[in-house]
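For reference, the chains in residue letters:
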Amino acid sequence: SLIGRVCSYTGATSYKDAWSKSVGEKSSWIPNLSSLLTTMQALIAYSIVLSTTIPQLLAVAGVTVTRTQSLFSITTLVLLPLCLMKTLSALA
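As a convention, each chain's residues are numbered from 1 in the sequence order in which they are written. Selection of residues for local features in this predicted model requires a pLDDT of at least 70, selection of side-chain atom pairs for listing and counting requires 80 or more, and totals for whole chains, interfaces and linings are taken over all residues. Values reported for side chains reflect all heavy atoms of the structure, with hydrogen atoms and water molecules removed beforehand.

Novice: Describe the overall build of the protein, with residues and values.
Specialist: Within the protein, the regular secondary structure consists of four helices and zero strands. Tracing the protein from N to C terminus, the helices and strands come up as α-α-α-α. Dimensions along the principal axes, computed over C-alpha positions, put the protein at roughly 60 × 25 × 20 Å. Exposure is judged per residue with a 1.4 Å probe applied to protein chains only, and the accessible area is read against the type maximum: over 50% gives exposed, under 20% gives buried, and values in between give partly exposed. Relative to its 92 residues, the protein shows a buried fraction of 14%. Taking contacts inside the protein between residues at least 6 apart in sequence as the whole, the part at least 24 apart equals 12%. Surface exposure here means Shrake-Rupley accessible area, sampled with a 1.4 Å probe, where a residue is shielded only by the protein chains that are shown. Carbon and sulfur atoms make up 69% of the accessible area of the protein, which amounts to about 7100 Å² in all. The helix and strand labels rest on DSSP assignments: H or I over at least four residues marks a helix, E over at least two residues marks a strand, and numbering proceeds from the N terminus. Contacts are assigned to residue pairs that have any heavy atoms within 4.5 Å of one another.

In structure tokens form, the structure reads like this:
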């Protein structure tokens with residue numbers, strides 16, 4: 001990948017380090033912010049899809065839940081524990 005080649009050329013060990021060595025130290029916060037925002041957008045997108053789908057699936061089984069209830073349940077029971085894991089190796 002391009003980031004790997006840049007790290008190899010610059011001797012950097014992280015995306016932020018490669019950015020600071022190739023673009024400049026002053027703007028080295030941009031890769032971290034970009035990664036954070038991308039992850040947050042993906043989390044929001046998955047939450048929207050799941051909070052819409054779960055009530056419909058449960059309605060087939062005769063269980064009635066609101067979208068808010070399903071979103072809260074998904075967030076606290078599934079997404080929060082995954083976000084708090086230091087490593088995802090347990091999922092492998």
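The structure having been displayed, the exposition proceeds.
Novice: Please provide a residue-by-residue account of the pattern of salt bridges, values included.
Specialist: One side-chain nitrogen of Lys or Arg within 4 Å of one carboxyl oxygen of Asp or Glu is enough to make a salt bridge. Considering all chains together, one arrives at one salt bridge under this definition. The shortest N-O distance in the salt bridge between K21 and D17 comes to 3.7 Å. Here the residue K21 and the residue D17 both occupy positions in helix α2 (residues 15-22), the gap between them amounting to four residues, near one helical turn. Its relative accessible area of 46% is what places K21 among the partly exposed residues.

Shape descriptors only; they carry no functional weight alone.
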